[in-house]
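In case you want the letters, here they are:
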There are 2 protein chains.
Amino acid sequence: MNYLYKFFLILLVFVSCTKKNESIQKENDVTQHPNLILTSKSVLEIKSQLGTIPVFDQTLNKTKEEVDAAIKKGIDVPIPKDMAGGYTHTQHKKNYATMQKAGVLFQLLGDEKYAIYIRDMLLEYAKMFPTLPRHPQKRSYARGKIFWQCLNDSNWLVFTSQAYDCIYSWLPKEQTEYLNKTLFKPFADFLSVETPQYFNRVHNHSTWGNVAVGMIGLVMDDEELVNRALYGLENDNIDPKAKDNDGGFIKDKAGKAGFLANLDSPFSPDGFYTEGPYYQRYAMYPFLIFAEALQNKKPELKIFEYKNGVLIKAVDALLNLTDADGEFFPLNDGQKGMSYYTSSLVSAVDIAYYYGTKKPELLSIAKKQNKVQLDATGLSVAIGLREHKEKSFIKKSMELTDGSRGDEGGVGILRYQKEEETLALVMKYTGQGLSHGHYDKLSFSLYENGNEVIQDYGLSRFVNVEQKNGGGYLKENKTFAKQTIAHNTVIQNETSHFKNNYAIASKNHSEKYLFDVSNPDFQIVSAKEKNAYPGTELHRTMIMVNDDKLSKPFIIDITKVTADKKNNYDLPYYYFGQIISMNFKYQTPKTLSTLGDKSGYQHLWKEGAGMANAENVQFTWLDNKRFYTITTATNKEDEIVFARIGANDPEFNLRKDPTIIIRKKQIKNTIYASIIESHGSYSAVKEVAKNAYSNFSKIEKIIDDVNYSSFKIKFKDGREKILILSNTDSNPKKEHSLNINHKKYNWVGAYYYK
Amino acid sequence: MNYLYKFFLILLVFVSCTKKNESIQKENDVTQHPNLILTSKSVLEIKSQLGTIPVFDQTLNKTKEEVDAAIKKGIDVPIPKDMAGGYTHTQHKKNYATMQKAGVLFQLLGDEKYAIYIRDMLLEYAKMFPTLPRHPQKRSYARGKIFWQCLNDSNWLVFTSQAYDCIYSWLPKEQTEYLNKTLFKPFADFLSVETPQYFNRVHNHSTWGNVAVGMIGLVMDDEELVNRALYGLENDNIDPKAKDNDGGFIKDKAGKAGFLANLDSPFSPDGFYTEGPYYQRYAMYPFLIFAEALQNKKPELKIFEYKNGVLIKAVDALLNLTDADGEFFPLNDGQKGMSYYTSSLVSAVDIAYYYGTKKPELLSIAKKQNKVQLDATGLSVAIGLREHKEKSFIKKSMELTDGSRGDEGGVGILRYQKEEETLALVMKYTGQGLSHGHYDKLSFSLYENGNEVIQDYGLSRFVNVEQKNGGGYLKENKTFAKQTIAHNTVIQNETSHFKNNYAIASKNHSEKYLFDVSNPDFQIVSAKEKNAYPGTELHRTMIMVNDDKLSKPFIIDITKVTADKKNNYDLPYYYFGQIISMNFKYQTPKTLSTLGDKSGYQHLWKEGAGMANAENVQFTWLDNKRFYTITTATNKEDEIVFARIGANDPEFNLRKDPTIIIRKKQIKNTIYASIIESHGSYSAVKEVAKNAYSNFSKIEKIIDDVNYSSFKIKFKDGREKILILSNTDSNPKKEHSLNINHKKYNWVGAYYYK
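Residues numbered from 1 in each chain as written. Chains lettered and ligands numbered in written order. Predicted model: local features only at pLDDT ≥ 70, side-chain atom pairs only at ≥ 80, totals over all residues. Heavy atoms only, no water.

- Chain A is annotated in an unreviewed UniProt entry as Heparinase II/III family protein of Polaribacter marinus.
- UniProt, in its Subcellular location (unreviewed entry) section for chain A, records the words "Periplasm". (UniProt positions renumbered as here; feature names shortened; annotations may be inferred.)

1. Topic: the overall build of chain A
Argument step 1. Along the backbone of chain A there are 18 helices and 25 strands.
Argument step 2. Taking 754 residues into account, the globule formula puts the C-alpha radius of gyration at 27 Å, and chain A, at 28 Å, falls close to it.
Argument step 3. When its C-alpha atoms are laid out on the principal axes, chain A stretches across 90 × 55 × 50 Å.
Argument step 4. A total of 754 residues make up chain A; the buried ones form 64% of that total. (Helix = DSSP H or I, 4+ residues; strand = E, 2+ residues; numbered from the N terminus. Rg over C-alpha atoms; globule rule 2.2 N^0.38 Å. Buried < 20%, exposed > 50% of the residue type's maximum accessible area, 1.4 Å probe, protein only.)

2. Quick notes on the nonpolar core
Argument step 1. Grouped together as the largest cluster of nonpolar side chains are 134 residues, with contacts concentrated most on Phe56, Leu122, Trp156, Tyr164, Leu183, Phe184 and Phe259 of chain B.
Argument step 2. Here this core takes 12 residues from helix 12 (residues 277-297) of chain B, the largest share from any one element.
Argument step 3. Not counting the four nearest positions on each side in its chain, Trp156 of chain B is found in contact with His92, Tyr96, Met99, Leu122, Tyr125, Ile146, Phe147, Leu183, Phe184 and Phe187 of chain B.
Argument step 4. Counting 133 residues, the second-largest nonpolar core is a separate cluster that includes Phe147, Val213, Ile216 and Leu263 of chain A. (Core = buried A, V, L, I, M, F, W, Y, C linked by side-chain atoms within 4.5 Å. Contact = heavy atoms within 4.5 Å.)

3. Focus on the UniProt feature "domain: Heparinase II/III-like C-terminal" (unreviewed entry) in chain A
Argument step 1. Residues annotated in UniProt with the feature "domain: Heparinase II/III-like C-terminal" (unreviewed entry) correspond here to residues 401-662 of chain A.
Argument step 2. The span residues 401-662 of chain A carries 5% helix and 43% strand; its end-to-end C-alpha distance comes to 30 Å.

4. With respect to the pattern of salt bridges
All names here are of chain B.
Argument step 1. Within the structure shown, the criterion is met by 91 salt bridges over all chains.
Argument step 2. Notably, a salt bridge pairs Glu639 with Lys606, separated by 3.9 Å at the nearest N-O pair. Here Glu639 is found in strand 16 (residues 639-645), whereas its partner Lys606 is found in strand 13 (residues 604-611), with 33 residues between them in sequence.
Argument step 3. With relative accessibility at 9%, the residue Glu639 sits in the buried group.
Argument step 4. Given a relative accessible area of 29%, Lys606 falls into the partly exposed group.
Argument step 5. One salt bridge connects Lys712 with Glu720, and the closest N-O pair in it is separated by 3.8 Å.
Argument step 6. You can call Lys712 partly exposed: its relative accessible area is 22%. (Salt bridge = Lys/Arg side-chain N within 4 Å of Asp/Glu carboxyl O.)

5. Digging into the sheet that holds strand 3 (residues 421-429) of chain B
Residue and element names in this part refer to chain B.
Argument step 1. Read from one edge to the other, the open sheet built from five strands follows the order 1-2-3-4-5, with strand pairing classed as antiparallel. Pairing within the sheet leaves two strands with one partner each, and these edge strands are strand 1 (398-401) and strand 5 (451-454). Neighbour-to-neighbour, the strand axes of the sheet open up by a mean angle of 20 degrees, direction not taken into account.
Argument step 2. The pairing of strand 4 (residues 443-448) with strand 5 spans three bridges and is antiparallel. By the bridge assignment for strand 5, Tyr447 is matched with Glu452. (Pairing = 2+ DSSP bridges. Axes fitted to C-alpha atoms, helices over the stretch in contact; angles between N-to-C directions.)

6. Remarks on the sheet that holds strand 2 (residues 410-418) of chain A
Strands pair in a sheet through their backbones, by hydrogen bonds, and they do so in one of two ways: parallel or antiparallel.
All names here are of chain A.
Argument step 1. The five strands lie next to each other as 1-2-3-4-5, forming an open sheet whose pairing is antiparallel. Since the sheet does not close on itself, it has two edges, and those belong to strand 1 (398-401) and strand 5 (451-454), each with one partner. Neighbour-to-neighbour, the strand axes of the sheet open up by a mean angle of 20 degrees, direction not taken into account.
Argument step 2. Sheet analysis places strand 2 next to strand 3 (residues 421-429), joined by nine bridges and oriented antiparallel. Note on strand 3: the bridge partner recorded for Gly412 is Met427.

7. Focus on the confidence of the model for chain A
Reading fine detail from the predicted coordinates is not recommended where pLDDT is low.
Argument step 1. Taken over all residues, the pLDDT of chain A has a mean of 94, while the share at 70 or more is 95%.
Argument step 2. pLDDT under 50 marks residues 9-28 of chain A. Its contacts with residues more than four places away, or in other chains, come to 34 contacts. (pLDDT = per-residue confidence, 0-100.)

8. Brief notes about the packing of aromatic side chains
Argument step 1. Taken as a whole, this structure holds 84 aromatic pairs over all chains when the rule is applied.
Argument step 2. Following the ring pairs from residue to residue traces out a cluster consisting of Tyr575, Phe584, Tyr586, Phe619, Trp621, Tyr628 and Phe642 of chain A together with Phe652 of chain B.
Argument step 3. Lying over the aromatic face of Phe129 of chain B, Lys145 of chain B brings its terminal NZ or CZ to 4.9 Å of the ring centre. (Phe/Tyr/Trp six-rings, centres within 6.5 Å; stacked < 30°, edge-to-face > 60°. Lys NZ or Arg CZ within 6 Å of the ring centre and 35° of its normal.)

9. Some points on the environment of Tyr168 of chain B
All names here are of chain B.
Argument step 1. Tracing the backbone shows Tyr168 in the loop between helix 6 (150-167) and helix 7 (173-191).
Argument step 2. Given the relative accessible area of 14%, Tyr168 is considered buried.
Argument step 3. In this structure, the C-alpha to C-alpha distance between Tyr168 and His33, residues 135 residues apart in sequence, is 6.2 Å.
Argument step 4. Apart from the residues lying within four places of it in its own chain, the contact partners of Tyr168 are His33, Thr176, Asn180, Val219 and Met220.

10. A word on the interface of chain A and chain B
Argument step 1. Taken together, the contacts link 51 residues of chain A with 51 residues of chain B.
Argument step 2. Of the roughly 4200 Å² buried between chain A and chain B on both sides combined, carbon and sulfur atoms contribute 53%.
Argument step 3. Taken as a group, Gln467, Phe652 and Glu687 of chain A account for 18% of the area that chain A buries against chain B, more than any other trio of residues on that side.
Argument step 4. Inspection of the region where chain A meets chain B yields zero salt bridges. (Buried area = accessible area lost by both parts, 1.4 Å probe.)

11. Digging into the pairing of strand 18 (residues 670-683) of chain A
Residues and elements named next belong to chain A.
Argument step 1. A large share of strand 18 lies buried, amounting to 12 of its 14 residues.
Argument step 2. Pairing of strand 10 (residues 554-563) with strand 18, which is carried by eight bridges, proceeds in the antiparallel orientation. If you follow Ile558 over to strand 18, its bridge partner there is Ala673.
Argument step 3. With seven bridges connecting them, strand 15 (residues 626-633) and strand 18 associate as antiparallel partners. Across the sheet, residue Thr632 finds its bridge partner in strand 18, namely Ser674.
Argument step 4. Both strand 18 and strand 19 (residues 688-690) contribute to a ladder of three bridges, which runs antiparallel. By the bridge assignment for strand 19, Tyr682 is matched with Ala689.

12. Re the relation of the copies chain A and chain B
Argument step 1. Relative to chain B, chain A is turned by 180 degrees and slid 0.0 Å along the rotation axis, the superposed coordinates differing by an RMSD of 0.1 Å. Considering both components of the superposition, the chain copies are consistent with a two-fold axis. The C-alpha atom lying nearest the rotation axis in chain A is that of Leu592 of chain A; the distance is 2.4 Å.
Argument step 2. Both copies contact each other with a shared surface, as 100% of the interface residues of chain A are interface residues in chain B too. (Least-squares fit on C-alpha atoms with pLDDT ≥ 70 in both.)

13. Focus on the pairing of strand 7 (residues 511-516) of chain B
Residue and element names in this part refer to chain B.
Argument step 1. Bridging between strand 7 and strand 8 (residues 522-529) involves five bridges; their strand directions are antiparallel. Directly across from Glu511, in strand 8, lies its bridge partner Lys528.
Argument step 2. Turn length for the strand 7-strand 8 hairpin, with the two strands adjacent in sequence and antiparallel, is five residues.

14. Concerning the side chain of Asp68 of chain A
Argument step 1. As for its placement among the helices and strands, Asp68 of chain A is situated in helix 3 (residues 54-73).
Argument step 2. One polar contact links Asp68 of chain A to Lys113 of chain A, side chain to side chain, over a distance of 3.2 Å. (Polar contact = N/O pair within 3.5 Å; in protein donor to acceptor, adjacent residues only side chain to side chain.)

15. Considerations on unusual backbone geometry
Trans peptide bonds make up most of the peptide bonds, and negative phi angles are found at most residues other than glycine.
Argument step 1. The omega torsion across His33 of chain A and Pro34 of chain A is -5 degrees, close enough to zero to call that bond cis.
Argument step 2. Summarising the element assignment, Pro34 of chain A is placed in the loop between helix 1 (2-18) and helix 2 (40-49).
Argument step 3. One non-glycine residue, Leu442 of chain A, lies in the positive phi region at around 60 degrees.
Argument step 4. Among the secondary structure elements, Leu442 of chain A is positioned in the loop between strand 3 and strand 4 (443-448).
Argument step 5. A relative accessible area of 1% places Leu442 of chain A in the buried class.
Argument step 6. A positive phi is found at Asn648 of chain B, a non-glycine position, where the angle reads about 50 degrees.
Argument step 7. One can find Asn648 of chain B in the loop between strand 16 and strand 17 (658-667).
Argument step 8. Note on Asn648 of chain B: relative accessible area 24%, which makes it partly exposed.

16. Structural notes on helix 4 (residues 87-109) of chain B
Residue and element names in this part refer to chain B.
Argument step 1. The end-to-end C-alpha separation of helix 4 is 31 Å, in line with the 33 Å expected for 23 residues at 1.5 Å each.
Argument step 2. Burial analysis of helix 4 places 17 of its 23 residues in the buried class, which makes it a mostly covered element.
Argument step 3. Following helix 4 by one or two positions, Gly110 has its phi on the positive side, about 75 degrees. (Expected span 1.5 Å × (residues − 1).)

17. Digging into empty space enclosed by the protein
Argument step 1. Applying the stated criterion across every chain, the model contains eight cavities of 30 Å³ or more.
Argument step 2. The volume enclosed by the largest cavity comes to roughly 100 Å³.
Argument step 3. Lining the largest cavity are Trp605, Gly646, Asn648, Asp649, Phe652 and Lys656 of chain A together with Thr588, Pro589, Leu592 and Glu607 of chain B.
Argument step 4. Partitioning the lining of the largest cavity into residue classes produces four nonpolar, three polar and three charged.
Argument step 5. Size it by volume and the second largest cavity reaches roughly 60 Å³.
Argument step 6. Lining the second largest cavity, in full, are Leu592, Trp605, Glu607, Arg644, Ile645 and Lys656 of chain A together with Leu592, Trp605, Glu607, Arg644, Ile645 and Lys656 of chain B.
Argument step 7. Those elements that place two or more of their residues in the lining of the second largest cavity are strand 13 (604-611) and strand 16 (639-645) of chain A together with strand 13 and strand 16 of chain B.
Argument step 8. Tallied by class, residues from the lining of the second largest cavity come to six nonpolar, no polar and six charged. (1 Å grid on protein atoms, 1.4 Å probe; cavity = no way out; pocket = protein on both sides within 12 Å on 5 of 7 lines; lining within 4 Å. Points joined across faces, edges and corners; volume = space filled by probe spheres on them. Nonpolar A, V, L, I, M, F, W, Y, C, P; charged D, E, K, R; others polar.)

If you want it as structure tokens, here you go:
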């Protein structure tokens, strides 16, 4: 195998040195194609390194195999007909992906067969396009021509532009003129002026549209198209009340549009993308690939410096929004399992490395990905790896603000790492996150190593599984996954935050109160939500405490509720696995009914319930061979509910995951105080349960008023700690003094723990 | 680290060469202790190799660390009080384990501190024992003294005998005489003559009892005890109707008892242990360690040749009763996750290697285990590994017969392996399996790689998790896990096989009809059950077909039911994961009720049901990122039920796993015919569903009479296959001829497939 591989590499170099194409000889001429992603200069650089850059060589090798196989199958440009997953859809997707790769191969290997393949396919599209109506499938608010929605048409153009650029100089001028006039200019107009409701938005879909138009504009040197891409259409006549298929408003609040607007608005200064990591991952490719093209052709725009270098920051933010396995936290609509191994992140990591500060931490991610983008950025990564420059990418605790100015809440991530053992707590106090946002202010999820301990449900969809609604969103996404009860946060009166009203939710965001991770043994995040329920203020504080007597940190979870009237409150914890023990009495019903009839409650089976009947409730479960316990301060009137997802789910679309809900009824002000801990393990081989019991005997509220909330935490080893939170002043320099049970506590800053 | 390790090894050798104890100098003297597991001769051999046998050295090193830590803690011999998991229980367990290890260390390292530790601890036990009453916890039918049950007391003596042997010659004679008289002889009598209902049985517990008495008999050269161990008590006065805690009869059917009887009866000639792999794993240690002791002290018994070498065969059988990860198939009472990494299997593999034919395949298992038994057997394994003699242990398809003469049915395992991709189908047609047996004749489970595709529920118990009934069996083990409905086999009229009656079930077994794996592309197992339901015969045939057009084999699953009256039949398939699609109409209820009120049905929630309404039903699900489909021939009157475990489970003891049940109602004779396939995969990173659809359009019954059943299998690629099964003659040489739809089929043997 090794010999074969070396032989192939030598062959590659040989081919690339002998079959050079005249048109790609002139070095450093920016008017000369390729000049979009590959450039004449980078092509020469890459060719000089081929055979010595293992990751690049392997990726190239694999790409060649794929494209050669596709060429062997012949060109197939069918009349558009099918939905996602269907034949014509899949074929057109393959076409643009193969063309883009063939363009790269033509440039790097110089074999004309790749250019011929692209040319012939483009001529087929040019033949078809002028008379092509909108796609026959009518499900989209912005139907495409080749695909059922403009989004996919834009994908086509973003990739095809790159292929076209690679053969532009090789084609006779009359052929480029023909293609420009017959196919590409009309295609760009179709996506923009003819579909303004799609093009002129702030939305990840529109970013693809902007980039598609911009990329082809750059290839054709069409300044008008490039400007349209960057700044949007001046007049779009979009109804400000119009909504898209996901229920999001089409018209931007500020009336902005175009690539730069899409860069301004959904990204916070920290590089957090308001829709959430799953969509950020999807959007990163057009953002970065267009930025790379702009940097190549319009370096005067200094696009990578735009908004203090937000594009590079966004890659860093995205890598930090992953668990120990590199899987993105499924905030808002997020499919679980998507990770930084996806191809758009390969591209993102390479571009961020090359155009950023060549951070060696990015190389360690690239090394795991084990492939690179086939251009100058991938070359530099491959060289970095060849020279073993990589450093571990240690994910640190951090806050990522939301909002274009960073003042619309954010996401707080608290982390712990000791050798292979990690914990990550993610608390969400962002804005709504556009149409893919969920209604879950002040929610959180907890990870241990690569595993979810307390989960965020994510989206309800089997992406690209045709049997499940053609791979599209399922109706349970709206009726359950987006509802507040699907999340680990307080629900008032069994109604979702903002009454599940997108218009209201979009106008609001939570407010950061405190984020302080300066002490690794006491990391704290705290935020307030005043608008989810008018008349009620929610204030959640989560603390990761690394206690030197315990083997792992524990979480303190406090939610203070201040209301102007009596309400019912529910706080669910979505755990996994099997219940081991509880210290309160409960009943299990003979038949199962739903927990409610709306706001997602209709999807929960009530499996049991009991009154707390004590000042503390403990709940221990076993999952992934680990023991976990939630210890929570209760009143005798509090109810504990066991529920499981899956009711009113006629298509079996939902996962049947369990939850425990702490219910406080008919009360105005109240406070939830819990400890969440991972404390033990089970070995099925040794049949030994290690530390199967909680380390705590209780957590107890001592004081809870407007200004301060304080708690006593009792460990089983007899120790006691006092926690005091300042509820109104988060100033780290503020001096506090408080009498509790005739003892005076003095401290500086928003919290006391001793 | 490496240097430190080498330094330590040199130190070990040095210590062992200088601090030699006089009493262990005399080579090859069998009257000289140790002579039980370690012998004077093997001690010298081991010492000559120390430092050159990495696996042995590592194990020794780790053992020393453990024992040194225990010695540091001091001796603690508390008055017995607690149940399993409690303090006194755990401490006494630690004591015998540490003593056994300390004995080995004394012999191999020569440091007297280990001998002193054992001596002092034994003196503590000797002080306590004479006045010790039976254990205060009264849950066992055979209460111990140190522990709540004699089983654990026997564990204590089996391990402690080894420790005692290691210091026997080092102790002054008056001290051995004192210990023999005060502690060990009374202990042996207590376990045997004083507790005949425990000692004089054929049962894994009694094996421990026999071995305990035999081991200490060998140490003390007490022939009477050794004979008692080998042949049992002559008179036991046990009531033949008496039962143990698990509901098993105490008195053996044939009235036999003792070690040899326990070797005769529960083991089949193939080495299959009738209780199932989980208990075989537990029983292997006393069987093999006593065999090793007998071989050392009474080689004239030729114990390893007993019953055609069944002990060595049993190790091979047990290793073959595992999935791709080495986890035992959970037939009968089996805790999932238990695997050949457990310490009793380390011992078993080493003993089987040394006393068997030194099979290099065993070395590959030992290599995975990465530790050895610290005696001559472990030495030989460590030397084999040092010399890289290991070969892969390829698990092949095989039948393991049940019954002491191998004529009481068996277990058929069909396997497929291509590189890393494996399938394993396990069909059970054994006898009852004593008190740990489940009521599931002709059931099966299916594995893909290390994962369960169609599961056997296993036991209902959290072994050694104190919160769950002290780690003991849960009541749901009887009410659900042992019932037929918990298994993938036919249930008649919602009643378990043999009416769940242990006495009746114990008198019966299924009958093998056919097991033929000579053709790797068409492996077949077939068996009949005539007694589970009087008046009804069940005949199941399972075939693993490796079709060259498909990427993986599929399973054909046929169950022919012949009855003397109309009945209802249920065939459940316990799948995992999420439902993707079905091709029939069904309803899901607004509230969930149980599927029935007895025989385990009371533990199933009915999540949905529909009439087949067609001649074929297909059901596709997604689990572990793989797509699976069951295609089954139906009548319009057949009902399909979706159910989930978890009803009537007030302690949340059960796993909430799903099942699909094919229900045929009010019919006399009928036949189930299904295809089970693993056909596709899903990537959450690429968001690609590969082969998400079944390869089959249908399976269709053509003929079903007394003599023949035949089926047409239609592939989606248009191909058709005819399967014909001879129902009454499994002779491979028999010539058959049959007309089906005016076409004549001629073939030889019990089946036709073309």
